[in-house]
Amino acid sequence: MHVGQFLAPEPAVDRERAWAVVLPAPFDRSAGGAPGARVAPAEIVAASTQVETYDLELGRDPTDRGLATLPPLELSYADEDEALEPLGRALEVEARAGRFPLVLGGESTVLAGTARGLARLGDVGVVRLEGTLGGDDVWHGLRAAPRTAVRRCAEHVPVRSSGWRLASATAREWATTRDTAGPAARRLAARPQVEPAPADELVRGLPEIVYLSLDLAVLDPAALPMPGNLEPGGLSYADLTRLLDELFRLRRVVGAELTGLTPHPGNVLPAFVAARLGLRVLALAHRQRFPTPSCWE
Amino acid sequence: MTPMAGAHRPVTFVAAPYEATASFVAGCGFGPDAIAERLAGLDPNDACHAVEAPADWTWVEAHPRTLCDPAAMRREVSRHVREALAAGRLPLVVGGEHTVTPAALAVWDDAAGVTVVQFDAHADLRADYEGTPWNHACAMRRAFERGHPLVQLGIRSALHEELQDVYGPAADGSSGLLMREATPTARLLTRSGLRSRGVEPALRGLGERVYVTIDLDALDPSCAPGVGTPEPDGLSYLELLDALDAVLDGRTLVGADVVELCPARDDGRTALLAARLLAWLADRG
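None of these values were measured; they are calculated from a predicted model.

Quick word on the nonpolar core
For step 1, the next point in the chain: Counting residues in each nonpolar core, the largest one holds 63 residues, and the members touching the most others are Phe6 and Leu212 of chain A.
For step 2, the next point in the chain: The residues contacting leucine 212 of chain A, other than those within four sequence positions of it, are Val127, Leu129, Leu244, Leu247, Phe248, Val253, Gly255, Ala256, Glu257 and Val281 of chain A.
For step 3, the next point in the chain: Judged by nonpolar contacts, the second largest core, of 51 residues, contains Leu177, Ala243, Ala256 and Leu273 of chain B.

What to know about helix H1 (residues 40-48) of chain A
Residues and elements named next belong to chain A.
For step 1, the next point in the chain: Of the positions making up H1, those classed as buried are Ala40, Pro41, Ile44, Val45, Ala47 and Ser48. Buried residues of H1 fall within an arc of 160 degrees about the axis and therefore sit on the same side.
For step 2, the next point in the chain: Buried residues belonging to H1 abut strand S1 (20-25), strand S3 (100-105) and helix H8 (269-289).

A closer look at the sheet that holds strand S6 (residues 209-215) of chain A
Residues and elements named next belong to chain A.
For step 1, the next point in the chain: As summarised here, the arrangement of the seven strands in space is S2-S1-S3-S7-S6-S4-S5, forming an open sheet in which the pairing is parallel. Either end of the sheet is taken by a strand with one partner, and the two such strands are strand S2 (67-69) and strand S5 (159-162). For this sheet the average axis-to-axis angle between neighbouring strands, irrespective of direction, equals 20 degrees.
For step 2, the next point in the chain: Across four bridges, strand S4 (residues 124-129) lies against S5 in parallel orientation. Paired with valine 127 across the bridge in S5 is arginine 160.
For step 3, the next point in the chain: Contacts between helix H2 (residues 85-96) and the sheet are confined to S1, S3 and S6, with S1 contributing the most and set at about 175 degrees to the helix.
For step 4, the next point in the chain: Together, S3, S4, S6 and strand S7 (252-259) form the strand contacts of helix H3 (residues 111-119), whose direction differs from that of S4 by roughly 160 degrees.

What to know about the packing of helix H1 (residues 31-40) of chain B against helix H9 (residues 269-284) of chain B
Residues and elements named next belong to chain B.
For step 1, the next point in the chain: One way to put it is that H1 packs onto H9 with a least axis distance of 8 Å and a crossing angle of 65 degrees. Here H1 is positioned roughly perpendicular relative to H9, judged by the angle of their axes. For the pair H1 and H9, the sense of crossing is right-handed. Listed contacts from H9 to Ala34, Ile35, Arg38 and Leu39 of H1 are Ala271, Leu272, Ala274, Ala275 and Leu278.
For step 2, the next point in the chain: A class-by-class count of the residues in the contact of H1 with H9 yields eight nonpolar, no polar and one charged.

What counts as what
Residues numbered from 1 in each chain as written. Chains lettered and ligands numbered in written order. Predicted model: local features only at pLDDT ≥ 70, side-chain atom pairs only at ≥ 80, totals over all residues. Heavy atoms only, no water. Core = buried A, V, L, I, M, F, W, Y, C linked by side-chain atoms within 4.5 Å. Buried < 20%, exposed > 50% of the residue type's maximum accessible area, 1.4 Å probe, protein only. Contact = heavy atoms within 4.5 Å. Helix = DSSP H or I, 4+ residues; strand = E, 2+ residues; numbered from the N terminus. Arc of directions from axis to C-beta. Pairing = 2+ DSSP bridges. Axes fitted to C-alpha atoms, helices over the stretch in contact; angles between N-to-C directions. Parallel < 35°, antiparallel > 145°, perpendicular 65-115°, else oblique. Left-handed = near helix turned anticlockwise from the far one by under 90°. Nonpolar A, V, L, I, M, F, W, Y, C, P; charged D, E, K, R; others polar.

This is the structure in structure tokens:
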């Protein structure tokens, strides 16, 4: 499936001339709420063409030093989490080349694949933001599923999962004993604007270099009304972007993934939200890598 | 507050169902019909704001929905706004896409004396877009070029180049507030700037006569989902009313518009909200 170029940069550049690459990973096998993530990368890229490339709040244009979108990965639907190994390999290649990879899921299970690549990069931890804690061992007989993604990730690299509002008793027990459970959504949502966003709690115990795993279901249904995201008590868009801003000040972020969009015909808002968050993550990484915007040079 | 009961200026709603350059989701040409239905049926028991439909109002169709010629649209919208003003009535334009705003503004020959206050997710300052200067992404650029001072509030999406064109080469959105002191003056408060600073910094030195243009995507999609290009993290309805209160405190509303309703994307909330905003503006006219 052809998905076009995220943010439609002009001029388009190939990956060797890009500082960041977008990796579409249309994996859609085991979402608990609703299927459809297989078309999510294409929907996000289509919406991104209507998003300005300049992040007004950060004063950064992540396309100004080259942004490339790679063809979608072909991922097996086999149960084994090795099926996601091509994603781990692609992520590793881009990170080793010094490029910032932004993975566009796909369901949040893709973390089971990206973690495999991250493990080969060295001392890297994962900051996970998701509506579900993700610490179950199996889900309907599957080892790799959204509800087990953090568990699979932890088999390869340290991970801390925050922003959740759903967790099974066994997942909570597992995550709490390992200090993998970060703050739940209620701790992070609707914080007064004068308080610093508590991003330090997202990275507690993690290495200095981290990878961001961001699932859209961390947002409240008011901010992200879509099938599969009905649980109340999630973060607002402002809650989330303040947290991300603080996170990028606290840790060096080597890459990110944006997962969990389940498109619904006639509702373009979730894809727009995803596209804006993709722009924000790239703009934050741009700010971290380059001291000044290119337009000042 | 007392519900308006004819003590204010009579109002002419100028329906301008113009839709020629919608970028993503089509359908804003059906906006005026959806708003008219809500306006006629406004519940008078708005206990929060004591606003109901104005006592003396007329509804005129500036042009048919099928008209997509920008010059003809501008001519017809301008004519109806001019006729309303000549009759001593407050013109409130109901879009349609944002391109109708410069058509309404064209009736004021003293552009420098009429400040345009824009609520929007997008700066709309492009010189041209998709091959035309009469694209909805260029509406405020056309107003600026006429010489209207600009106040842009709640903006959260812009091309860097369009900001530089108006606010100078050093324009940096991350400051939250952009200022242009040369004539015509311009102020831009981003969404986060509005949140952290309040509206007042953008209103200092604002002229006495004001035209308000409200693109409904200024509002958060949770309260106004019926727009063609939704942007997250918008204003709440009450934030918008508070800002409008501040804008019109001690100033005269010479005209206004509400644009970019896309009924195909709406569940009725956005059309009702638009009708309430129009009634609110009529009340302040």
